[in-house]
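Each chain, written out:
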Amino acid sequence: MTGQKSEGDRKHPVDETLPPLKMFTSGLQHVAAMYAGVVAPPMIVGPACGLNATETAFLMGASLFTAGIATLLQTLGFWKVGAKLPFVNGVSFAGVTPMVAIGKAQSPDNALPIIFGAVIVAGVLGFLVAPYFSKLVRFFPPVVTGTVITLIGVSLLPVAFNWSQGGNDRAPDYGSLTNIGMAALTFLIVLVLRRVLRGFLQQIAILLGLIAGTLIAIPVGITNFSALSEASLVGFPTPFHFGAPQFDIAAIVSMCIVMLVCMTESTADMLALGRIVGRPADERTIEGGLRADTLGTALSPLFNGFANSAFAQNIGLVAMTKVRSRFVVATGGLILIVLGLCPVAASVISLVPLPVLGGAGIVLFGSVAASGIQTLASAAMEKGDNALIVAAAVGIGLIPIAAPDFYHHLPKDLLVVLDSGISTGCLVAIVLNLAFNHFGRKTADEDTAHEDTADGTAAAAHGDPETPPQPAPGTTDEAGAPAAAPAH
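The structure displayed is predicted, hence computed values, not measured ones. (Residues numbered from 1 in each chain as written. Predicted model: local features only at pLDDT ≥ 70, side-chain atom pairs only at ≥ 80, totals over all residues. Heavy atoms only, no water.)

S.K.: For the overall build of the protein, give the residues involved together with the corresponding values.
M.R.: From N to C terminus, the protein includes 20 helices and two strands. Here the protein, with 488 residues, has 55% of them falling under the buried criterion. Summarising the internal contacts of the protein: among those between residues at least 6 apart in sequence, 82% fall at separations of at least 24. Here the protein displays about 20,400 Å² of accessible surface, and carbon together with sulfur accounts for 66% of that area. (Helix = DSSP H or I, 4+ residues; strand = E, 2+ residues; numbered from the N terminus. Buried < 20%, exposed > 50% of the residue type's maximum accessible area, 1.4 Å probe, protein only. Contact = heavy atoms within 4.5 Å. Areas by Shrake-Rupley, 256 points an atom, 1.4 Å probe, with all protein chains shown as cover.)

S.K.: I'd like a rundown of the pattern of salt bridges, residues and numbers included.
M.R.: Applying the stated criterion to the full structure yields four salt bridges. Of the charged contacts in the structure, one is a salt bridge between Lys-135 and Glu-283, with a shortest N-O distance of 3.1 Å. Here Glu-283 lies in helix H11 (residues 283–299) and Lys-135 lies in the loop between helix H4 (108–133) and helix H5 (142–165), a separation of 148 residues in the sequence. The class for Glu-283 is partly exposed, based on a relative accessible area of 31%. Here Glu-287 ties to Arg-291 by a salt bridge, and the two come within 2.6 Å at their closest N and O atoms. Pair noted here: Glu-287 and Arg-291 are both in helix H11, with a separation of four residues, about one helical turn. Taking relative accessible area as the criterion, Glu-287 reaches 17% and is therefore assigned buried. A single salt-bridge network, built from bridges that share partners, covers Asp-15, Arg-279 and Arg-326. (Salt bridge = Lys/Arg side-chain N within 4 Å of Asp/Glu carboxyl O.)

S.K.: Which residues make up the confidence of the model for the protein, and what are the values?
M.R.: Averaged over every residue, the pLDDT of the protein is 78; residues scoring 70 or more account for 82%. Mean pLDDT per element in the protein: helix H20 (residues 444–459) is the minimum at 44, and helix H6 (residues 177–196) is the maximum at 92. Below pLDDT 50 for its whole length, residues 1–7 participates in five contacts with residues either more than four positions away or in separate chains. Of the regions scoring below 50 in pLDDT, residues 443–488 engages in 91 contacts with residues more than four places distant in sequence or in other chains. (pLDDT = per-residue confidence, 0-100.)

S.K.: I'd like to hear about H5, residue by residue, with values.
M.R.: Along its 24 residues, H5 runs 35 Å from first to last C-alpha, staying within 8% of the 34 Å computed at 1.5 Å per residue. For H5, the buried fraction is high: 18 of the 24 residues fall into the buried class. Downstream of H5 by a residue or two, Gly-166 has a phi angle that is positive, lying close to 130 degrees. (Expected span 1.5 Å × (residues − 1).)

S.K.: Give me the lowdown on the environment of His-438, citing residues and values where you can.
M.R.: Here His-438 lies in helix H19 (residues 421–439). For His-438, a relative accessible area of 27% gives the class partly exposed. Measuring from C-alpha to C-alpha, the distance between His-438 and Phe-139 comes to 9.3 Å, with 299 residues separating the pair along the chain.

As structure tokens, then:
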């Protein structure tokens, strides 16, 4: 019709820009959801490397700054770098254990330079192998991705439970009725806001819930204003503030293993996010996303940052709010950079008490698990061995969550992988899918099951219970984007 755009001319929701106010508040919501996860690793690694409180605070600011850079690389991208999805990057928890081990084994003067040198090498290695690693995408059908997405959500829930209790298990008020009560109240506020609000206000229900919870927490007495009073106005993360990088073979090997773990998790996260936003991640998307991950990792030590990887909690936020614009997350990346350059602004975000964040986190992380369950619903679970694949992968993936000391007698180097339920569950699902659906002798029923599993990829593209099935391959979806072709 004259004066109207055809279906094919419309922008995909991922590429849409929102009005400035919506862009800022939605981006700020992403920052609020990930803030604690970004600053937690430097809070752990800093003291292990002999840093005092001031130096640790500097390390936290550097982590915010480098997370912002990595997020911009992912969302905006250049050349063949960036997934160009609403994909948030930040400091990976996978590297915390080996970095603490390095810090304790080295003198305080050498610990961080050795860590930074190892991170640089690991990032460069990951950048070089990204094109080859991305080819593994064909081994991630819905039976695998659904399992991994579910494990991502379930693995994050203990983090929310820990925040709900106060975050520090050595504190006298850890698990107190006050902390748990504030978490429960925030949880209820978020649910009520999601139920009664409409439109844009419903989309920022998490942010509104965090603000309401923080305001209620002030008279309760669990909001700490000390960080705000002590913070300086400007604080640029001076390059190589802790000394020039040093290169130690053992540290490099350890961080290279961490980088491979991060790449595995990021691949699964991109597949999950691609389904949720209705733009399934293909090999090129994953290659660009891994390049952004690894380039961000290689650049981070320049500004005193660590290895960067995907933040799965923000995938839950995208699934819940249905705000799919990558420019919203890019705005969040800019906010992170400002927070890294302005400690006072960072301190305002840090006013949100962990119990309040934990209450909202239960909803966020549960949304990720729900998306995984929906993906599994399209994986022809009633046919072939798909149910067995899911049962085994989920069972193995839950070990680090249900029994954290299960592997404590094994070599420490293996714990980098085994302590991540996402990584172990992902590897088990991939191996069993290969064994049962690719290499084994197939009966007619099994062939049918595998075809149904592949065809389920398009049907689960949005990862949202309210989203109707996608059109057949070769047609266009509601946004005018080509429908996903069946996975093989």
